[in-house]
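# A structural walkthrough
Given next are the chains, with one letter for each unit.
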Amino acid sequence: MSDQKKNDEIHGVVAYFDDVDSVMSAARKVRDAGYKKWDTYTPFPVHGIDEAMGTKPTILPWIVLGMGLTGMACGLLLQWYTNAYDYVFLISGKPNWSLPANIPVTFEVVILFSAYTAFFAMLGLNKLPHLSNPLHKLPKFRRVTADRFAICVEAKDPNFDADRVRAILGANTSEMEDCPVDTSRAALPLWFHAVMALVTCATFIPLSLAVKGRFATSEKPRYHVWPDMDFQRKRKTQTGWEGFEDGRSMRLPVEGTIPRGELRDDFELYFGVAQGSSVPPRATYEAGSMGGEKFEWLQSFPTAVVVDEALLERGRERYGIYCGVCHGAQGNGLGAVALRAKAIDAEQWGWVSPKALQSDSAKAYTNGELFHIASHGISSMKGYGSQITPKDRWAIVAFVRAIQASQALPKAPADLPAGVDFEPVPTIKDVRLSEASVDAPASGTEPAGEAR
Amino acid sequence: MTITDPSAFGSQPSGEDDPSVRLPLVEGASEDFSTVTDAVAGIAEIPVERTNRAWIICFAISVSLLGMLGMLILHLITTGVGVWGNNNPAYWGWPIVNFVFWVGIGHAGTLISAILFLTRQNWRTGVNRAAEAMTIFAVVCAGMFPGIHIGRVWVAYWLFPLPNQMAMWPNFRSPLLWDVFAVSTYASVSLLFWYMGMVPDLATFRDRAVNNTRRIAYGIFSLGWTGSSRHWHVYERAYLLLAALATPLVLSVHSVVSFDFAVSQLPGWHTTIFPPYFVAGAIFSGFAMVLTLMIPARQFFGLKHIITMRHIDVMCRILMATGLMVGYAYSIEFFIAWYGGVQYESFAFVNRAFGNYWWAYWIMVSCNVLIPQVFWSKKLRANLWVVMVVSITTNIGMWFERFVIAVTSLTRDFVPSSWGYFSPTWVDITMFIGSFGLFFTLFLLFLRFLPVVAIAEVKTVMPQAHAHGEDHGESHSAGGSAAAPASRHDA
């Protein structure tokens, strides 16, 4: 009865030992006596003590393994999300998502997660930090981190009986004492509370500033930490400056300068009109198409262009790249873009279908006019002069002439030799919606290569 | 003149040559747990007014250099990176050389702690703590250089994948980003490893504390450690895991650093040998630095019986072995440059040895390959002056290795029109000197206030640490007869 009362007042019984052998045999005895809430305290990890105490292997490695795998998943996910999903950008043609390039970072993240886990799980499993251990109050216990060994059987153990514990430990011990329950509650000084409260409040300041910056609008200009980068002592292009007479910060080229490759002295080649005549503006149907007789359009080809098979071949190729998508490989106006526009009924939004190039009006154009349309466009069609060199545009003109004479005629030509079958090719108006489906826009109606 | 202590070997004359009889790891017939504790803890417990003179002088010098470094960094940030010699074509000048130099030094610590721990090289216990501290301080110095090299340091956080108002993410296919991950992982994991190893020793300091300041300071950092065997059980497992994780980490870090070079296409950089070659070089320079630091430290702080001549001997041999590896890498680079038949590569290497920077190349070869060969001689390994000199020349040589790699390739690339010559400015030079101030300030503080030797670990390799009775009959102390069982001495 009296022992029971005493158990409440003591934290446990502590016995001290001077060498490894005696602490080991004492540990075995305590283990065999069936105690659970007890521990051995040593200045260094003693080899074989786990077995003597009956300590079960820790689950720490499994926790570390789990977190290591989590780290791997996080590392991969981070790289996939940032570089292959959210912000995709091409780096020297490398794939956005390929394992070899992602291994180093994944590896480092695995190590990072596992190492932090090994440390913090060790603290967690050992319930550290634990600064208020009653054992720290015993002056004699302090030598346990230097050169002494101790065993403490705690009063919390269900089998605890102080006398019995003393009897078990007594055989090998050099000293024994009771560890009292720590009742002193050392209060922290008032200033400590005040300082901590202030510090806690202060930690919210940066956060609230960040939140304010994120959600509030401000009239004031952005704060420049180091202004010399943002405001450099120089004039930017396309700005004014009173330092020059004309008030511009940029200088104009010297009068009469011609940029390299921009000398346009061959009118036939560059404008499709006779040498020295006036240069026509962009054509529209509303303004009477090509301007009628006002311009001296070239009827044939410029002297700088030799019409031969090579030119026609070049024209076929360029036409396929720049014109065929709208006007169709055969020039019947059934290009992929035209069919797609038909399929989605784009005319309702003002879409203008590309014209067939075999029509009489198209045939009536002079070569110069065709060249002018290819260069500057006509009405809804834009010009391709900036993309195609003049010689290539002439090649396209030659090719258009070729398909006008040979391909996809809407009605049988008058000079059709006898015995030749004629089959009119459909125009855009004849194409039914189902044929102009999205999946097979050009198949059947536009076999590639048939243009020759 | 020599400060070698002949008695260090004199007590066990036969142990040195006979591999089956090892010298004891802790020397002296009367060493026991309390004397080891006293020796190490005593250093940190010297009252301020009786601090070692040499320490005070060294500390004063280091702190002044650190102050100079601080001013220089301020100068750099307010003026711009143009104060350095980096300019077209050598945009990577001294800062990257210093970065690789310091990171390399920072490799021996974790290597000693982790790899030697896993391979059960017990001799590491005397030196691992100081080597780990050296690692962390060297990584601090290393991290500083790229940190200030980015120019606009106030946006240094762009290095990390943080969500930002530009809706941009870093490029994970760039070795420079891998470097950010590798070096920051290495720094923080080394810090954990070092701190965790120190917790039991800090508890020892706490329990020996004579005043409240010390009790509270060491008390907080020792986390309430009691030496409980159940705690030790989890702790040892965690330590083993950390060692197992740190080992591939060490190897990966310098490999990734070498990718900064090897993944580019510059002649002289674009080689597959770089990762192992850089790792060997890092270990080489790291061990040299450990020797440079530990020889004076054991002398001044009376730790000769814990950091013994055997430790120094082993490290000298490692130095020589890694020096040979580095030399092998140098020659293989030349062989591949010739064998590969690419004219740019062969030019790059001929230019290294005989071009504008021939002097740097030959300093590197003589310091790294030739001079360490003196350690074939046992007598020279035992002469601390020789060891000191060789360890310092090794570090000089390793700095020049990085200089040669970075600068010769950058100033002589494919097109002669983009050739140039790099010269450092006074800021380059003083900043490098200042980084030593940073390093030594931290290291001297460590020597003065923290457990310089892993006390608990040293105890585990002492003969008294093993049970002899009952079912633990086997003896772990082959050469331990010198340290007679002193276990009852304070009973």
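A separate point is the side chain of Q330(A). Residue and element names in this part refer to chain A. Mapped onto the secondary structure, Q330 falls in the loop between α11 (324-327) and α12 (336-343). According to the relative accessible area criterion, Q330 is buried, its value standing at 7%. There is a polar contact of 3.4 Å between the side chain of Q330 and the side chain of N332.

Let us now look at helix α12 (residues 343-354) of chain B. All names here are of chain B. If you check α12, its first and last C-alpha atoms are 16 Å apart, about what twelve residues at 1.5 Å a residue would give, namely 16 Å. All of the buried residues along α12 are E345, A348, F349, N351, R352 and A353. Where α12 is buried, its residues meet α11 (309-339), α13 (358-370) and α15 (384-411).

What follows concerns the packing of helix α6 (residues 128-149) of chain B against helix α16 (residues 426-449) of chain B. Residues and elements named next belong to chain B. The N-to-C vectors of α6 and α16 enclose an angle of 145 degrees; their axes lie 10 Å apart at closest approach. In the crossing of α6 with α16, the sense of the turn from one axis to the other is right-handed. Residues R129, A130, A133, M134, F137, A138, V140, C141, M144, F145 and I148 of α6 pack against M431, F432, S435, L438, F439, L442, F443 and F446 of α16. By residue class, the composition of the contact of α6 with α16 is 17 nonpolar, one polar and one charged.

Okay, helix α3 (residues 53-79) of chain B next. Residue and element names in this part refer to chain B. Here α3 is 27 residues long and its end C-alpha atoms lie 39 Å apart, about the 39 Å a rise of 1.5 Å per residue gives. By the burial criterion, the buried members of α3 are A54, W55, S62, L69, L72, I73, L76 and I77. Against α6, α10 (274-300) and α16 lie the buried residues of α3. At the N-terminal boundary of α3, the capping side chain belongs to N52, with an oxygen 2.9 Å from the backbone nitrogen of A54.

In this section: the interface of chain A and chain B. With 78 residues of chain A at the interface, the matching set in chain B holds 70 residues. Between chain A and chain B, the buried area comes to about 6,700 Å², and carbon and sulfur atoms account for 64% of it. When the buried surface of chain A facing chain B is broken down by residue, E108(A), T145(A) and W226(A) rank first, second and third, together holding 10% of it. Viewed at the interface, chain B and chain A are joined by one salt bridge.

This brings us to a nonpolar patch on the surface. Residue and element names in this part refer to chain A. A contiguous nonpolar surface patch, about 760 Å² in accessible area, is contributed by I59, W62, I63, L65, M67, L69, M72 and L125. Looking at the nonpolar patch element by element, the count peaks at six residues for helix α4 (residues 60-86). Note on placement: L125 falls in helix α5 (residues 99-125). Taking relative accessible area as the criterion, L125 reaches 33% and is therefore assigned partly exposed.

A few words on the packing of aromatic side chains. All names here are of chain B. As enumerated under the stated definition, the model contains 72 aromatic pairs over all chains in all. A ring pair is formed by F274 and F278, whose centres lie 4.9 Å apart and whose planes are at 35 degrees; its orientation type is tilted. Of this pair, F274 and F278 both sit in helix α10, four residues apart, which is roughly one turn of the helix. With a relative accessible area of 2%, F278 lands in the buried category. Between W359 and F400, the ring centres sit 6.3 Å apart and the planes meet at 80 degrees, which makes this aromatic pair edge-to-face. In this pair, W359 is assigned in helix α13 and F400 in helix α15, connecting sequence segments 41 residues apart. Judged by its relative accessible area of 15%, F400 is buried.

I151(A), L169(A), W102(B), F261(B) and F403(B) are the most contacted members of the largest nonpolar core, which totals 198 residues. Looking at which element gives the most residues to this core, the answer is helix α7 (residues 175-208) of chain B, with 18 residues. Residues contacting F261(B), with those up to four places away along its chain left out, are W92(B), I96(B), V100(B), W269(B), F274(B), F278(B), I405(B) and A406(B). By size, the runner-up hydrophobic cluster in this structure holds 29 residues, among which are L357(A), I373(A), F399(A) and V400(A).

Moving on: the packing of α10(B) against α15(B). Residue and element names in this part refer to chain B. One way to put it is that α10 packs onto α15 with a least axis distance of 9 Å and a crossing angle of 145 degrees. Two packed elements cross with a definite hand, and for α10 against α15 that hand is left-handed. Here the residues of the contact of α10 with α15 are counted per class, giving 16 nonpolar, seven polar and three charged.

Scored by pLDDT, chain A comes out at a mean of 85, with 87% of its residues at no less than 70. Per-residue pLDDT stays below 50 along residues 436-452 of chain A; that stretch engages in 26 contacts with residues further than four places along the chain or on separate chains.

With that settled, the discussion passes to the pattern of salt bridges. Applying the stated criterion across every chain yields a total of 24 salt bridges over all chains. Among the ionic pairs, E457(B) bridges to R124(B), the shortest N-O distance being 2.7 Å. Placement of E457(B) in helix α17 (residues 455-460) and of R124(B) in the loop between α5 (107-118) and α6 is noted, with a sequence separation of 333 residues between them. The exposure classification of E457(B) matches that of R124(B), with both residues buried. One salt-bridge network, held together by shared partners, links D18(A), K140(A), R148(A) and E175(A).

Procedures and definitions
Residues numbered from 1 in each chain as written. Chains lettered and ligands numbered in written order. Predicted model: local features only at pLDDT ≥ 70, side-chain atom pairs only at ≥ 80, totals over all residues. Heavy atoms only, no water. Helix = DSSP H or I, 4+ residues; strand = E, 2+ residues; numbered from the N terminus. Buried < 20%, exposed > 50% of the residue type's maximum accessible area, 1.4 Å probe, protein only. Polar contact = N/O pair within 3.5 Å; in protein donor to acceptor, adjacent residues only side chain to side chain. Expected span 1.5 Å × (residues − 1). Contact = heavy atoms within 4.5 Å. Axes fitted to C-alpha atoms, helices over the stretch in contact; angles between N-to-C directions. Left-handed = near helix turned anticlockwise from the far one by under 90°. Nonpolar A, V, L, I, M, F, W, Y, C, P; charged D, E, K, R; others polar. Buried area = accessible area lost by both parts, 1.4 Å probe. Salt bridge = Lys/Arg side-chain N within 4 Å of Asp/Glu carboxyl O. Patch = residues over 30% accessible without salt bridge, like charges linked within 9 Å, V, L, I, M, F, W, Y side chains within 5 Å. Areas by Shrake-Rupley, 256 points an atom, 1.4 Å probe, with all protein chains shown as cover. Phe/Tyr/Trp six-rings, centres within 6.5 Å; stacked < 30°, edge-to-face > 60°. Core = buried A, V, L, I, M, F, W, Y, C linked by side-chain atoms within 4.5 Å. pLDDT = per-residue confidence, 0-100.

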